[in-house]
Amino acid sequence: MKKRRPSSHLPFLLLVLGLVASLFSVPAALIQQRFVAMIHHELGHNATSTAVAIARFLETDIDAYRNFHDRTAYSPDSYDTTWYARTCAILRQIKQETGADFIFTEKWVDDENIAYLLDAEEPDSEDYSAPGTTDGISDPERKAFLEGVNTDSGMIHDPVWGDYLTGFSPIVDRATGRILGLVGVDYSADRVRTLMSSLTRLIVLGAIMLSLLSAIIIIRLIDMRYIALETDYLTGLYSRHYHDKRLSKLHRQALRKNASFCHAIMDIDFFKHINDDYGHQEGDEVLKKVALLLQKNIRAVDCCARLGGDEFGFLFGNTNREDAERILERIRQCVAEADIQTTNGRRLQVTLSIGMVMWRPGLDIETILNQADHAMYESKHDGRNRLTVAEAT
């Protein structure tokens, strides 16, 4: 028969465990505080990084955001509700990808108040803030507004929203340097409590890796959308959207600095016959080959865009008439002499009709576009396969 251990050993064991626990309680508390501080730092960094990425995304279409920001009233019939709904939907997608609790934008009202503009919450949610809804301003928000810096609030307590931290990034009109409000990204303290439940380095490392992965996903998501907006899907040239934005920028620079630039429009001659005789698939192949020739014959700083159909647009900044004409004539000649074949081997003669206009004081964007278009049709009227320059009137 086995002998039972003396019962007096149990109190001794409990005493030893108590002493060891006491010895390690202070280091354990310090380690816990360090882990909490690390997680707060990573969450603040993630919130701010997400806010910065969203701010850069909104700045790619700053004109639309400025129009929305500058309104004094936000009744549904006073702003572009289609743009608003589409942009909020993108913020909801980013919120879902990153695990953020709230994503919003706001504008300065006065020294004590801000007004919410965009909101990633569903409109029927009780947490949704309609455009123009006002709230008090915090010190981190005031700093971001006044200094134009990215910052986070640190973990703060609110009697309504509980414990949370927010990352802020200013939305800047790069043309003027004007701050058009802030992007705010919230993470609640519940996320910290979840991460601290097991208090292990593996969880902390997982949180850091999750933050990095979230940042990569956001950047990739925004990058894909940016590319889709500014690249023509068929030819790989710039899109009409990018062309118009670049033209507006060059026009502003010309007005401010009297910097000359050239705009040209070119059209493939008899392209309809190519589609009719060989089919639209062959027509698309011709567009791709012509686009490749155009790209090879312009400078890296120039803009070549497909405006639609078989029409292409060019923008040459900081150039004179002689240089612009030389580049466009080289392009015209290169395309006319190119060996362009259909998929069944039939050779096609492809030529371009080109209209060009140089910016002059007094020309607005609409006039520039109209004069280039008119000059292009003059080229067609005069026999095609030629360049026509719009002269000053």
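Just so it is clear, the structure is predicted and the values come from calculations on it, not from any experiment. Throughout this document, residue positions are counted from 1 along each chain, in the order its sequence is written. A pLDDT threshold of at least 70 governs which residues receive local features in this predicted model, and a stricter bar of 80 or more applies before side-chain atom pairs are shown or counted, although totals over entire chains, interfaces and linings include all residues. To get the side-chain values, take all heavy atoms of the structure and skip hydrogens and water.

Draft legend 1. Representation of the sheet that holds strand S8 (residues 261–268). Paired strands, in this sense, are two strands between which DSSP finds at least two bridges. Only DSSP runs of H or I with at least four residues qualify as helices, and only runs of E with at least two residues qualify as strands; both kinds are numbered from the N terminus onward. Strand order in the open sheet made by the five strands is S9-S10-S8-S13-S14, with mixed pairing throughout. Each edge of the open sheet carries a strand with a single partner, namely strand S9 (303–308) and strand S14 (386–389). Within this sheet the neighbouring strands show an average axis-to-axis angle of 20°, counted without direction. Here S8 runs beside strand S13 (residues 352–358); their pairing, made up of seven bridges, is antiparallel. Bridging from a neighbouring strand, Asp-267 pairs with Ser-353 of S13. Each axis is a line fitted through C-alpha atoms, taken for helices only over the stretch in contact, and angles between the N-to-C directions span 0 to 180 degrees.

Draft legend 2. Just the side chain of Glu-311, in detail. Among the secondary structure elements, Glu-311 is positioned in strand S10 (residues 311–317). One buried charged side chain, Glu-311, makes no salt bridge at all; its nearest oppositely charged neighbour is Arg-240, positioned 4.9 Å away. The contact definition used throughout considers only heavy atoms, calling two residues in contact when any of these lie within 4.5 Å. Excluding its chain neighbours within four sequence positions, the residues that come into contact with Glu-311 are Ile-265, Met-266, Asp-267, Ala-305, Arg-306, Asp-373 and Met-376. Throughout this description, buried means an accessible area under 20% of the type-specific maximum (1.4 Å probe, protein chains only), exposed means over 50%, and partly exposed covers the range between. Counted charges follow a simple rule, with Lys and Arg positive, Asp and Glu negative, and His plus the chain ends left uncounted. Each reported salt bridge corresponds to a side-chain nitrogen of Lys or Arg within 4 Å of a carboxyl oxygen of Asp or Glu.

Draft legend 3. Broad picture of unusual backbone geometry. Here the phi dihedral of Arg-384 falls at roughly 65°; this positive angle occurs in a residue that is not glycine. As for its position among the elements, Arg-384 is in the loop between helix H11 (365–381) and S14. Phi at Asn-385 takes a positive value of approximately 55°, unusual for a residue other than glycine. Relative to the elements of secondary structure, Asn-385 occurs in the loop between H11 and S14.

Draft legend 4. The arrangement of the packing of helix H8 (residues 271–278) against helix H9 (residues 280–296) in detail. At a minimum axis separation of 7 Å, H8 and H9 run at an interaxial angle of 140°. Comparing their axes, H9 and H8 come out oblique. Of H9, the residues touching H8 (which contributes Phe-271, Ile-274, Asn-275 and Tyr-278) are His-280, Glu-282, Gly-283, Val-286 and Leu-287. Each residue is assigned to one of three groups, with Ala, Val, Leu, Ile, Met, Phe, Trp, Tyr, Cys and Pro labelled nonpolar, Asp, Glu, Lys and Arg labelled charged, and all others, Gly among them, labelled polar. In the contact of H8 with H9, the residues fall into five nonpolar, three polar and one charged. Any angle between 65 and 115 degrees counts as roughly perpendicular, while under 35 counts as roughly parallel, over 145 as roughly antiparallel, and the rest as oblique.

Draft legend 5. Representation of the confidence of the model for the chain. Confidence in the prediction for the chain averages 83 pLDDT; 79% of positions are at 70 or higher. The model gives residues 1–10 a pLDDT under 50, and that stretch makes zero contacts with residues more than four places away or in other chains. One confidence number per residue, pLDDT, is output by the predictor and ranges from 0 to 100. Across residues 12–17 the pLDDT falls below 50, and counting only partners more than four positions away or on other chains, this stretch makes zero contacts in the model.

Draft legend 6. Focus on the pairing of strand S6 (residues 162–173). Within S6, 10 of the 12 residues are buried, leaving the element largely enclosed by the surrounding structure. The pairing of strand S4 (residues 151–152) with S6 spans two bridges and is classified as antiparallel. Residue pairing for S6: Thr-151 is matched across the bridge by Phe-168. The sheet contact formed by S6 and strand S7 (residues 178–188) spans nine bridges and is antiparallel. Residue pairing across strands places Asp-173 opposite Arg-178, the latter belonging to S7.

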